[in-house]
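Structural overview
The residues making up each chain are set out below.
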Amino acid sequence: MSYLGAGSAEAWELEEEQYLNSVIPGMSYRRRIGVLLTVGMVAAIEISNRLSINVFLPDMQGNVGASSDEISWVIILYNVGYLCSIAMAFWMTRVIGARRHLLLSIAIYATGAMGCVLSTGSLGQLLTSRLIMGFGGGAFLVRVVILAGLLFPGKARMAAVTKLYLVLTVFEVPYPVVMGWVTDTFHWNYAFLVDFPFLAIGAFLIWKLVPPGFLYERQKGGQVDLWGALLLIASLACLETATSRGERDLWFQSNWITLALVAAVIFFAAFLWWDYRPQNLSPILHLRMIVRHAALRTYFLVILIVGAFFGAGLYVVPQYLRFVQDYSALQAGGFISMYTLGLGLGLQYALHLLVPRLGPLRTLVGGLLILAAAYLTICYIWTPTTPTIILAPVIFLQGFCIGPVILAAGNVVSANAPVGQVNDISTTYFFVRQLGNTFGVTAATVLFDRRMTLHSSRLLDVSNRLDATTSSTLTQYANLIHRNGGGSSNPGLGALQLFQNNVITQSRLFSYIDIYFGLAMLGILALISIAVSRVKTKRGPVHFHPW
């Protein structure tokens, strides 16, 4: 089946499809696989860094003197830059060429990483550097997925994507441990230096292997779409600022939040108008693809939820390990490595077994069911003293379950896409998924603050009602400090501080559990959305598209 109705393809799409079909077969297999794996290696570095930074987020927070709200902007601003980069990625390849775009993105990403290395003690410099890193890093994953579809059509794609996933896993599994070890042994900012040797190797190989010039041709009369870029970036920046600060600033009671939300709507409406103008021959991002492409339109909410799983889950797990369980950065990195190992194995299992046999939609439904069950299991087993032998398999299971969901969601959206539309469909898909990732982190931070306040007040209320038990506990703490603290200690004050720390730890735990319960409910919402969409649409033939 075709996602575009008869005659609905634009002229430039048909021209681009003819051009790609004539150019790509002229590249040798060795060169094509070299290009794919090289860009895949750079993408693996970016993804691995993005996964690992959550491991030493508490160390960053202490060094720059940030609150939990402020340090979350390390993730949020990276996601904003990443979103802008995804939106501009395909447009940039048409403006400056694929090779120069990849090399420029590596340079921007490296500049931001070096800024993080030099930003000890400065929250402002750290946040600015993370925004720059995100703007550079957003190009790689989208490009490598698109290259897999363009360079290896038909049956050859399965072997190529298998090799690509192996490259990703080879870097993603050890990276959190390495960056955690660097953080514990030296300092958190030196962890960013781990990226640079691989970035240098990737830049050299891209310069050698990727053909110069323009891999994607389009009509020559179009001007550089600077207005589109500015409008989209302004809209995203205002929206992210408003949603991240709205809960803390009481939403519309704050003039600043109201102004940011209104500005986001105005800028986005202006971007849509600019994007749809017939005179705009080289638009920055074809969001019209969401309307034209049936799968993107039907599964828009599901894609957002899949992105939220990534963002919120990987933001919460390391914080639980560091603040509730009191693991070191190295130990927390080991748990995240278990997650990435599960993710890699889940992707391979879905690629070779689930999707070919069950189809992408059934794989997506089954993956969502198992993932929701994994989230609920985590809600049940998380305590301040849950042993490693229980934690590690469950975190591995979480990564393993999300692999089929990611692969199936991409297949549902991208299957049967004509060559000329692979770029726009894939770019739009990743843009929507990353938008969900950003909203997931934002929602997790907002929910954490609200539930933390609620649980702290409830725990203190319970302690007041259980006055005898509380007094006995404080007395035991005071006696312990008196015996071991020396003559200069203050047993009463120390006992109160220990009690307060226990309340904070338990409140954090309850808040993290609430977030994971919310993720499980999101999984159920995604299943309901799929069920409703299947009722409204006719069944069509299913084709496998292995990325």
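Residues numbered from 1 in each chain as written. Predicted model: local features only at pLDDT ≥ 70, side-chain atom pairs only at ≥ 80, totals over all residues. Heavy atoms only, no water.

The helix and strand inventory of the protein stands at 20 helices and 0 strands. In the protein, which comprises 547 residues, the proportion classed as buried is 56%. In the protein, the proportion of contacts linking residues at least 24 apart, taken out of those at least 6 apart, comes to 85%. Counting only carbon and sulfur atoms, one obtains 67% of the accessible surface of the protein, whose full area is about 22500 Å². (Helix = DSSP H or I, 4+ residues; strand = E, 2+ residues; numbered from the N terminus. Buried < 20%, exposed > 50% of the residue type's maximum accessible area, 1.4 Å probe, protein only. Contact = heavy atoms within 4.5 Å. Areas by Shrake-Rupley, 256 points an atom, 1.4 Å probe, with all protein chains shown as cover.)

For Gln325, the location among the structural elements is in the loop between helix 14 (300-324) and helix 15 (329-358). Linking Gln325 and Pro384, residues 59 residues apart in sequence, is a C-alpha distance of 5.5 Å. Not counting residues up to four positions away in its chain, the partners in contact with Gln325 are Tyr320, Thr383, Pro384, Thr385, Thr386 and Leu391. A polar side-chain atom of Gln325 sits 2.9 Å from a polar atom in the side chain of Tyr320. Only 3.0 Å separates the side chain of Gln325 from the backbone oxygen of Thr386, close enough to count as a polar contact. (Polar contact = N/O pair within 3.5 Å; in protein donor to acceptor, adjacent residues only side chain to side chain.)

The subject of this paragraph is the side chain of Arg508. By secondary structure assignment, the location of Arg508 is in helix 20 (residues 491-536). Comment: no salt bridge for buried Arg508; closest opposite-charge side chain is Asp449, at 8.3 Å. Setting aside residues up to four positions removed in sequence, Arg508 forms contacts with Gln319, Phe323, Val324, Phe448 and Met452. (Lys, Arg positive; Asp, Glu negative; His and termini not counted. Salt bridge = Lys/Arg side-chain N within 4 Å of Asp/Glu carboxyl O.)

For helix 14, spanning 25 residues, the distance from its first C-alpha to its last is 35 Å, which sits close to the expected 36 Å at 1.5 Å a residue. When you tally the buried positions in helix 14, you get 22 out of 25 residues, the bulk of the element. Count one or two residues on from helix 14 and you reach Asp326, which has phi positive near 65°. (Expected span 1.5 Å × (residues − 1).)

Attention now goes to empty space enclosed by the protein. A complete count under the given rule lists 6 cavities of 30 Å³ or more for this structure. Computed from the structure, the largest cavity encloses a volume of approximately 620 Å³. Taken together, 40 residues form the lining of the largest cavity, with Ile47, Leu141, Phe310, Ile406 and Arg433 sitting closest to its centre. Listing elements by their share of the lining of the largest cavity, those giving two or more residues are helix 2 (29-52), helix 4 (68-96), helix 6 (123-151), helix 7 (156-172), helix 14, helix 15, helix 17 (388-414) and helix 18 (422-465). The element that contributes the greatest number of residues to the lining of the largest cavity is helix 18, accounting for 7 residues. (1 Å grid on protein atoms, 1.4 Å probe; cavity = no way out; pocket = protein on both sides within 12 Å on 5 of 7 lines; lining within 4 Å. Points joined across faces, edges and corners; volume = space filled by probe spheres on them.)

Moving on: the confidence of the model for the protein. Per-residue confidence for the protein gives a mean pLDDT of 82; residues scoring 70 or more make up 81%. Within the protein, no element has a lower average pLDDT than helix 1 (residues 11-23), which sits at 57, and none a higher one than helix 8 (residues 175-185), at 94. For the stretch residues 1-8, pLDDT sits under 50, and the model shows 17 contacts to residues farther than four places along the chain or on other chains. Overall, residues 539-547 carries pLDDT values under 50, and its contacts beyond four positions in sequence, including any with other chains, amount to 33 contacts. (pLDDT = per-residue confidence, 0-100.)

It is worth spelling out helix 6 at this point. Taking 1.5 Å per residue as the helical rise, helix 6 with its 29 residues ought to reach 42 Å, and the 42 Å between its terminal C-alpha atoms agrees with that figure. For helix 6, the principal kink sits at Gly136 and spans about 25°. Within helix 6, 23 of the 29 residues are buried, which leaves the element mostly enclosed by the surrounding structure. Among the residues of helix 6, the N-terminal cap falls to Ser122, whose side-chain oxygen and the backbone nitrogen of Gln125 are separated by 3.2 Å. (Bend = angle between axes of the 7 residues up to and from the residue.)

Moving on, we come to the environment of Ile45. Residue placement: Ile45 occurs in helix 2. Taking the relative accessible area as the measure of exposure, Ile45 reaches 0% and is therefore buried. The sequence separation of Ile45 and Phe198 amounts to 153 residues, and the corresponding C-alpha distance is 7.4 Å. Not counting the four nearest positions on each side in its chain, Ile45 is found in contact with Tyr109, Phe171, Tyr175, Asp195, Phe198 and Leu199.

Among the surface-exposed residues, Met114, Leu118, Trp181, Phe186, Tyr190, Leu193 and Leu330 lie close enough to one another that they form a single nonpolar patch of about 680 Å² accessible area. Assignment of secondary structure puts Leu118 in the loop between helix 5 (98-117) and helix 6. (Patch = residues over 30% accessible without salt bridge, like charges linked within 9 Å, V, L, I, M, F, W, Y side chains within 5 Å.)

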